[in-house]
Amino acid sequence: MSEAIAYERAGDVAVLKAQNPPVNALGAEVRKGLLAGIERAEQDGAKAVLIYGEGRTYFAGADIREFGRPPKDPQLPALCSRIEASPLIVVSAMHGTALGGGLEVALSSHYRIAVPSAKMGLPEVNLGILPGAGGTQRLPRLAGTEAALEMITSGRHFGAAEALEKGIIDKIEEGDPRGIGLAYVQELLEQGAPRRAVGEMPAPDAVDFDAAYAATLKKGRGQLSPATAVRAVQAAVEAESFEAGLQRERALFMELMGSDQRQGLIHAFFSERAVSKLPELEGVEPREVVSMGVIGGGTMGAGIATAALLADLPVVLIEMTDDAAAAARGRIEGNLKGALKRGKITEAQYDRLTGGALTVATDYAALSQADLVVEAVFEDMGVKRDVFGKLDAHCKPGAVLATNTSYLDVDEIAASTSRPQDVIGLHFFSPAHVMKLLEVVVAEKTAPEVLATGFALGKRLKKVAVRSGICDGFIGNRIMNAYRKAAEYVVLDGASPYQVDQAVTGFGFPMGPFAMGDLAGLDINWAARKRRAPTRDPRERVPRFYEMLCESGDFGQKTGKGFYIYEEGRRGGVPNPQVAGLIAEDQEQQGVTPREFSDAEVLRRYMCAMVNEAAKVVGEGIARRPLDVDMVMLFGYGFPRFWGGPLKWADLQGLDGILADIRAYAAEDDFFWQPAPLLEQLVAEGKPFDDLNKDG
Ligand code: TC6
């Protein structure tokens, strides 16, 4: 027997226990053990087989680390078919998370029981593949085609109650999986229950698969796996036999397994987990945070306070006047009402969070007990220094003092206190109670346990926390400034803002840079441009059309007009016809003769600018590894997850081609298109960015 599966006889029942921590992933040893266990049970006179998992879960899926490597036998589809074909009654008892290949093993068992807290799902599409061990053939036979399509294409987890209601499991029982499993097997044996193979059940009903395919492709913004999964489910209905359906599923699975998107999504899966594991924090204990302070109750401050309250952290919010404090409370209550509406909190929680858990005040003295304070006031160094002086005077020793600044120097802010070791940047993204990214900005004197506290807070608030060093814009905004500039350059040179937005959304971003500017408010970036203007390098090309639009008082959605015009009751905007005139005027003033750009060139320049700046950010040590940049762009800037992030995308495209294009663009503008030294080095060494992710 394999060590990953323990074999035991309990009377007439052969019990197969998975013991492959932490999540009983179905690696080669586990598969071998399951196969050997079934064969042994059949040989030694058992009447039934029980499969369950030791520790925190039943099988949480195939072992993702094996993907992309040569497959080892027995492979999961063959194993599932073998389990299903067993003449013994096979029962799976599920607890924890029965996901992907894990649920497929359960579906090939003849009966399924689960504890009430068990979660199940076929989340393969989120890894760029589809359920390839019979899941697309068996689930529709149990749950019906419509339900199976929804579950498989969304990859969502569902609970035991829903699984029971949809016929995916047979029973729910409180207890430990071995105990409830054995009792259920006994019951089945006593009843003389037959062996019941899902693969022998009739094919499910047809639906309009072409419509489902088109809708799924559109929803995925170009992600292939959910739409391909629709075709696999279609085979469950249309193939001439269950076996033929399995073969079709396998072919589609292999197609996806070979795709770049699969690589991108799996990179995202592991990077999301690796990004907040910092070697420098090993053995460093975070400070305890049981209450939080927030300075400033605008959109950002209210969002941060909401995020804290949703994580059960009491908040004291400071505003300048009673009116502003009342408005801040209103914003937080509005956010929490949204959470209530979406079922994230109950009425009772809402009452508690807006009642005793939230204090709004105008006096900094109210912060005397706060363990961590985040400042989210106006982006001005004088204002920030003043706030930190007050925090220094009122906060207890050891309190973590955090700034949410997007651009300002955290060292300079820290220097306005007598305790720079307690100061850190915690850069949230708006709306802060929704967006998953948190940049944790380390200043020169930040103490390790303060950094650890920043990461612990990120985890508590369910954010993806990424370490950033100090530079203008930190990781994300610095890179965004570069690709936004590239977008403005192509517009100055002849593309339209709408062509750019379309090319970028075609790549999979939810929005292009001009629509995004309209959403954020063009005046915000205008202020940053004005602030930077005096220190701008004279070699920099400066398109003017953006400022010209702002000068006419059009700031985007909030004024009803920007690059687009927004009409009441209409979703999205239509191009603002004035913009073309402003661009033409800018071109004339700058002596630019506009030319045509293909969508592919527009996108290539946008992406090359992103990759080049990202390589500088990594090369300068602002981001620890390429994967840190990838996670910032995924969770803060809408980068399509199926590409894994800009540097994963760059690896998949080939770095030499990207560098060659950057050098070609530099022939027109050698100031903006200066190749990143790290990119040049990697190309010279013939290495991908991914090699730099392996430092732990
Ligand atoms: C599939 O099954 C395809 C089948 C078709 C075949 C033909 N493999 O997330 P956590 C690691 S596709 C390898 O921190 P949680 C994870 O990297 C698969 N490793 O814990 C981490 O390692 P670290 C379908 C895995 O409690 C550790 O386990 N299944 C796998 O927050 C703990 O993970 C899925 O997509 C794996 N399958 O959440 C499920 N899963 O400590 C993917 C986890 O070295 N997994 N690890 O960083 C999850 O969604 C979650 O891990 C969880 C547990 C809900 C199971």
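Calculation criteria
- Residues numbered from 1 in each chain as written.
- Predicted model: local features only at pLDDT ≥ 70, side-chain atom pairs only at ≥ 80, totals over all residues.
- Heavy atoms only, no water.
- Near = heavy atom within 4 Å.
- Polar contact = N/O pair within 3.5 Å; in protein donor to acceptor, adjacent residues only side chain to side chain.
- Areas by Shrake-Rupley, 256 points an atom, 1.4 Å probe, with all protein chains shown as cover.
- Helix = DSSP H or I, 4+ residues; strand = E, 2+ residues; numbered from the N terminus.
- Pairing = 2+ DSSP bridges.
- UniProt positions renumbered as here; feature names shortened; annotations may be inferred.
- Axes fitted to C-alpha atoms, helices over the stretch in contact; angles between N-to-C directions.
- Parallel < 35°, antiparallel > 145°, perpendicular 65-115°, else oblique.
- Left-handed = near helix turned anticlockwise from the far one by under 90°.
- Contact = heavy atoms within 4.5 Å.
- Nonpolar A, V, L, I, M, F, W, Y, C, P; charged D, E, K, R; others polar.
- Expected span 1.5 Å × (residues − 1).
- Buried < 20%, exposed > 50% of the residue type's maximum accessible area, 1.4 Å probe, protein only.
- Arc of directions from axis to C-beta.
- Phe/Tyr/Trp six-rings, centres within 6.5 Å; stacked < 30°, edge-to-face > 60°.
- 1 Å grid on protein atoms, 1.4 Å probe; cavity = no way out; pocket = protein on both sides within 12 Å on 5 of 7 lines; lining within 4 Å.
- Points joined across faces, edges and corners; volume = space filled by probe spheres on them.

Draft legend 1. Representation of the site of the ligand. Close to the ligand lie 27 residues; Arg56, Ala62, Gly101, Arg273 and Lys277 are nearest. Gly101 is positioned with one of its backbone polar atoms (N or O) 2.7 Å from an oxygen atom of the ligand. Within the contact set of the ligand, an oxygen atom lies 2.5 Å away from a side-chain nitrogen or oxygen of Lys277. Burial of the ligand by the surrounding chains reaches 74%, relative to a free accessible area of 1000 Å². Going through the elements one at a time, strand S5 (97-99), helix H3 (101-108), helix H10 (242-257) and helix H11 (260-274) are the ones with two or more residues in the shell around the ligand. Ranked by residues supplied to the shell around the ligand, first place goes to H11 with 3 residues.

Draft legend 2. The sheet that holds strand S3 (residues 48-53), seen in detail. Sheet architecture is open: 6 strands sit in the order S1-S2-S3-S4-S6-S9, paired in mixed fashion. On the outer flanks of this sheet lie strand S1 (5-10) and strand S9 (171-172), each paired with one strand and no other. Where S1 and strand S2 (residues 13-18) come together, 6 bridges link them in antiparallel fashion. When the sheet's bridge partners are listed, Ala10 is paired in S2 with Val13.

Draft legend 3. Local environment of the UniProt feature "domain: 3-hydroxyacyl-CoA dehydrogenase C-terminal" (unreviewed entry) in the chain. Listed under "domain: 3-hydroxyacyl-CoA dehydrogenase C-terminal" (unreviewed entry) in the UniProt record, and renumbered for this structure, are residues 473-566 and 602-687. End C-alpha atoms of residues 473-566 are separated by 29 Å, and the span's content is 60% helix alongside 2% strand. In residues 602-687, helix accounts for 67% and strand for 0%; the two terminal C-alpha atoms are 27 Å from one another.

Draft legend 4. Expanded view of the packing of helix H2 (residues 76-85) against H3. Here H2 crosses H3 at 25°, and the two axes come no closer than 8 Å. Here H2 is positioned roughly parallel relative to H3, judged by the angle of their axes. Classified by chirality, the crossing of H3 by H2 is right-handed. Between H2 and H3, the residues in contact are Leu76, Cys80, Ile83 and Glu84 and Gly101, Glu104, Val105, Leu107 and Ser108, respectively. Among the residues forming the contact of H2 with H3, the class breakdown is 5 nonpolar, 2 polar and 2 charged.

Draft legend 5. Summary view of the sheet that holds strand S8 (residues 158-159). Overall, mixed pairing links the 3 strands, which are arranged S5-S7-S8 in an open sheet. Edge positions in the sheet fall to S5 and S8, since each of these pairs with one other strand and no more. With respect to the sheet, H3 is in contact with S5, strand S7 (119-121) and S8, its orientation differing from that of S5 by roughly 85°.

Draft legend 6. Seen up close, helix H23 (residues 577-590). Over its 14 residues, H23 extends 21 Å from the first C-alpha to the last, a length consistent with the 20 Å expected when each residue adds 1.5 Å. The complete set of buried residues in H23 reads Val579, Leu582, Ile583, Asp586 and Gln587. Looking down the long axis of H23, one finds its buried residues gathered within 140° of arc, a one-sided arrangement. Those residues of H23 that are exposed and aimed more than 90 degrees away from the buried face are Pro577, Ala580, Glu588 and Gln589. Residues of H23 that are buried make contact with helix H18 (474-492), helix H19 (497-507) and helix H22 (545-551). Between a side-chain oxygen at the N-terminus of H23 and the backbone nitrogen of Gln578 the separation is 3.0 Å; the capping residue is Asn576. Two residues or fewer past H23, Gly591 is found with a positive phi of approximately 65°.

Draft legend 7. Region of the structure containing the packing of aromatic side chains. Evaluated as defined, the whole model comprises 22 aromatic pairs. Ring geometry for Phe545 against Phe563: centres 6.3 Å apart, planes inclined by 80°, an arrangement best described as edge-to-face. Here Phe545 is found in helix H22, whereas its partner Phe563 is found in the loop between H22 and strand S18 (564-565), with 18 residues between them in sequence. Side by side, Phe545 and Phe563 carry an identical accessibility label, which is buried.

Draft legend 8. Quick peek at the side chain of Thr136. Structurally, the position occupied by Thr136 is in helix H4 (residues 135-143). On the basis of relative accessible area, Thr136 is assigned to the buried category, the value being 0%. Within the local environment of Thr136, its side chain forms a polar contact with the side chain of Gln137, the two groups lying 2.9 Å apart. Separated by 2.5 Å, the side chains of Thr136 and Glu249 make a polar contact. Here Thr136 is in contact with Leu130, Pro131, Ile152, Ala232, Val233, Ala236 and Glu249, once residues within four sequence places are set aside.

Draft legend 9. Inspection of the UniProt feature "domain: 3-hydroxyacyl-CoA dehydrogenase NAD binding" (unreviewed entry) in the chain at higher detail. Taken from the UniProt record, the annotation "domain: 3-hydroxyacyl-CoA dehydrogenase NAD binding" (unreviewed entry) applies to residues 292-467. Between the C-alpha atoms that bound residues 292-467 the distance is 21 Å, and the span itself is 41% helix and 20% strand.

Draft legend 10. Main features of empty space enclosed by the protein. Evaluated as defined, the whole model comprises 1 cavity of 30 Å³ or more. As a volume, the largest cavity reaches approximately 40 Å³. If you trace the largest cavity, you find it lined by Arg484, Ala487, Glu488, Pro513, Phe514, Gly517, Leu522, Tyr546 and Phe563. Those elements that place two or more of their residues in the lining of the largest cavity are H18 and helix H20 (513-520). Taken together, the residues of the lining of the largest cavity sort by class into 6 nonpolar, 1 polar and 2 charged.

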